[in-house]
Structures are given as C-alpha cells and as structure tokens.
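A look at the structure
This is what each chain is made of:
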Amino acid sequence: MNDEKENMEPKYVIKPRFSMLYELIMPTGRKIKNSLLMFIGVLILYILLVVLKNMVDFDSLTNGVDVNSALNLIFLVLLIVIGIKLVIHIIFQVLQYRYLSYSFYDDHMIYEDSFLNQHRKTIQYANIKEVEIRRTVTDRILGYGIIVIYTNAENSNNGLVIYSIKKPQECYDKIQNILKEAKNKNSDTSSENKKESKESEMKNSEEPTLNNEEKKEISDIVDLTIEDEEKFNESLKNINHE
C-alpha cells in the first residue's frame, strides 16, 4: 500500500509563475499585449486631440457645435472598455498559471490545465526523445526561461513547451535526473528479466531427456507392475472364496 502511494505522488512538480514583464515578451501574453497597445494608442490619440484643441478653435469650425464634449466622451468610453479588457486578460492569465502544473512521476509525466476547459496529457518517459532549455537575453535578465520536451510522436503535437519558469536551469537539471533514474531502472529491470530467462533455459536444458529404449524399459516396468498388482488382487479373491 505504501509503495502504491509513493508511486502516485509526484517526484517533482513545475508550477509556472506569472510576470507582467515576461508576458509582454512571450507568445503566452499576446492578448495582454494587444489590449495594452490598444489602450496606449487610444490614450496617445486623446492627448494629441487635447493638444490640437489648444491650437485650433473647433467651435468656429463646427458653427458652435460642442464637439469637444462628444470627443471627450468617446475617448473616455474607449479607454474604460479597453482598460477593462486589459484587466480581464491579466486576471485570466494569472488564474491560468495557478491551475497549470507539470508533474513528474517514476515513469511518466502529466501536464494538467484545470482552468475553465480541463486538459490533461500523459507522456511516458520511454517516449521522450530530448529535453531542451531555451533562454533569451531578456529571459536571463528577468530570471525566466522555457523548457521544451520532445517526444517520438509523428504528428504536430510531438512535444510540450513549459513557459514562464523561474530558475529554469534548476528545473532542467531535475528533469534530466528523473529521466536518467527512470532509464537506469528500466535497464536494471531488463537485465534481471534476461537473467531469469537465461536461468530458466539452463534449468530446462539440465533436465534429463530419455531416448526411445529408456522410455520402452520404463513402459515395460510399469506394465509388469500393473500385471503383478492384478495377479495379487486375483489371489486375494481366491483366498476369500476358499
């Protein structure tokens, strides 16, 4: 029972961490970047409009129509809507990382994303072809990085990318050690199986084999034994009859 419990407990778990600066330079933060750029763009347009209003008399150009109030209201609504969208994307990304995990067991790893739509993927270590660590200059400055796990699958999903890892070198070394232990364990098991198979073959080869003459002699002995037993039983019947 204790062995089963130990096998169910992961040997190592990676939990990505959210960083606003990191998300702005990585593909995972695409929605955040787009919303932020839209917010900055609208804000710059509003500032330019304010500067332009001080340089040009819009009231004279629009025959006294209050355009300034309408433009102020439009830009205010746009900034509020885009700002809310930006905040929502940030909150979603934080929650996404909170429910994201990469668990490494004795002979397999499990990727699980339980936020909103659940996604779970199991990869056997025997199917892992290579593990790679990637760090750009910005990654090194921020202390982050990504780890790519390549598998033997022939389709487009032939790997797994772990983003937003703090201390990626440490994570990479631990993954390599786990894979090495699993490989050595499988190698030892294979060697034991070969040894048992060889011992079984040697045992079978040591068992004596009888030729046809020996088999005939044993058969004759058995037949004589049966015949003697029948005679003995017959004599008992005769004695009882007398």
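Small disclaimer: the values here were computed from a predicted structure and weren't measured.

1. Quick notes on the overall build of the protein
Regarding its fold elements, the protein presents 8 helices and 7 strands. With 242 residues in all, the protein has 24% of them scored as buried. Taking the contacts inside the protein whose residues are at least 6 apart along the sequence as the reference set, 54% of them involve residues at least 24 apart. Carbon and sulfur atoms form 55% of the exposed surface of the protein, whose accessible area is close to 17,700 Å².

2. A few points about the pattern of salt bridges
Summed over all chains, the structure comprises 5 salt bridges. The partner of Arg-120 in a salt bridge is Glu-112, and the shortest N-O contact between them spans 3.1 Å. A single network of salt bridges, built from pairs that share partners, joins Lys-11, Asp-106 and Glu-181.

3. Describing the sheet that holds strand S3 (residues 108-113)
Strand pairing in a sheet is mediated by backbone hydrogen bonds. Such pairs are either parallel or antiparallel. Across the sheet, 4 strands lie side by side as S1-S2-S3-S4; this open sheet has antiparallel pairing. Strands at the two margins of the open sheet, each flanked by one partner only, are strand S1 (12-14) and strand S4 (119-124). The average angle at which neighbouring strand axes cross in this sheet is 15°, direction not considered. Across 3 bridges, S1 lies against strand S2 (residues 100-104) in antiparallel orientation. Its bridge partner lying in S2, Ile-14 is registered against Tyr-102.

4. Focus on the confidence of the model for the protein
Mean pLDDT over the protein stands at 79; residues scoring 70 or higher make up 68%. Summarising per-element confidence for the protein, the mean pLDDT is lowest in helix H1 (residues 2-8) (52) and highest in S2 (93). Confidence drops under a pLDDT of 50 for residues 1-6, and excluding neighbours within four residues, the segment shows 0 contacts in the predicted structure.

5. With respect to the environment of Leu-95
Mapping Leu-95 onto the fold places it in helix H5 (residues 67-98). Overall, Leu-95 belongs to the partly exposed group, its relative accessible area being 25%. Between the C-alpha atom of Leu-95 and that of Leu-116, which follows or precedes it by 21 residues, the distance is 9.7 Å.

6. Considering a nonpolar patch on the surface
Together, Leu-76, Ile-80, Ile-84, Val-87, Ile-88, Ile-91, Phe-92 and Leu-116 give the surface a local cluster of nonpolar side chains, amounting to about 750 Å² of exposed area. Tracing the chain through its elements places Leu-76 in helix H5.

7. Brief notes about the nonpolar core
By size, the foremost hydrophobic cluster in this structure holds 23 residues, and its most contacted members are Ile-14, Tyr-102, Phe-104 and Ile-149. Of all the secondary structure elements, the ones that give two or more residues to this core are S1, S2, S3, strand S5 (128-134), strand S6 (144-151), strand S7 (159-166) and helix H7 (168-206). Considering every element that reaches this core, the biggest residue donor is H7, with 6 residues. Discounting residues that sit within four places of it in the chain, Ile-149 has contacts with Phe-104, Met-109, Ile-128, Glu-130, Val-131, Asn-158, Gly-159, Leu-160 and Ile-162.

8. Thoughts on the packing of aromatic side chains
For any pair of aromatic rings, geometry is given as the distance between the ring centres together with the angle between the planes. Applying the stated rule across the entire model yields 7 aromatic pairs. Geometrically, the ring pair formed by Tyr-22 and Tyr-144 is stacked, given 4.8 Å between the ring centres and 25° between the ring planes. Taken together, the residues Tyr-22 in helix H2 (residues 20-23) and Tyr-144 in strand S6 connect sequence positions 122 residues apart. In this structure Tyr-22 comes out as buried when scored by relative accessible area, which is 0%. By relative accessible area, Tyr-144 is classed as buried at 6%.

9. Looking at the environment of Leu-71
With respect to the helices, strands and loops of the structure, Leu-71 is situated in helix H5. For Leu-71, a relative accessible area of 23% puts it in the partly exposed group. C-alpha of Leu-71 to C-alpha of Val-50: the two residues are 21 residues apart in sequence and 9.9 Å apart in space.

10. A closer look at the sheet that holds S7
Here 3 strands make up an open sheet; going across it, the order is S5-S6-S7 and the pairing antiparallel. Edge positions in the open sheet fall to S5 and S7, since each of these has one partner strand only. Across this sheet, the average inter-strand angle for adjacent strands is 15°, counted without regard to direction.

11. What to know about helix H3 (residues 30-55)
Helical geometry: 3.6 residues make up each α-helical turn, so side chains three or four residues apart lie on a common side. With 26 residues, H3 ought to run about 38 Å at 1.5 Å a step, and its terminal C-alpha atoms sit 38 Å apart, in line with that. Among the residues making up H3, those that are buried are Ile-32, Ser-35, Val-42, Leu-49 and Lys-53.

Conventions we followed
Residues numbered from 1 in each chain as written. Predicted model: local features only at pLDDT ≥ 70, side-chain atom pairs only at ≥ 80, totals over all residues. Heavy atoms only, no water. Helix = DSSP H or I, 4+ residues; strand = E, 2+ residues; numbered from the N terminus. Buried < 20%, exposed > 50% of the residue type's maximum accessible area, 1.4 Å probe, protein only. Contact = heavy atoms within 4.5 Å. Areas by Shrake-Rupley, 256 points an atom, 1.4 Å probe, with all protein chains shown as cover. Salt bridge = Lys/Arg side-chain N within 4 Å of Asp/Glu carboxyl O. Pairing = 2+ DSSP bridges. Axes fitted to C-alpha atoms, helices over the stretch in contact; angles between N-to-C directions. pLDDT = per-residue confidence, 0-100. Patch = residues over 30% accessible without salt bridge, like charges linked within 9 Å, V, L, I, M, F, W, Y side chains within 5 Å. Core = buried A, V, L, I, M, F, W, Y, C linked by side-chain atoms within 4.5 Å. Phe/Tyr/Trp six-rings, centres within 6.5 Å; stacked < 30°, edge-to-face > 60°. Expected span 1.5 Å × (residues − 1).

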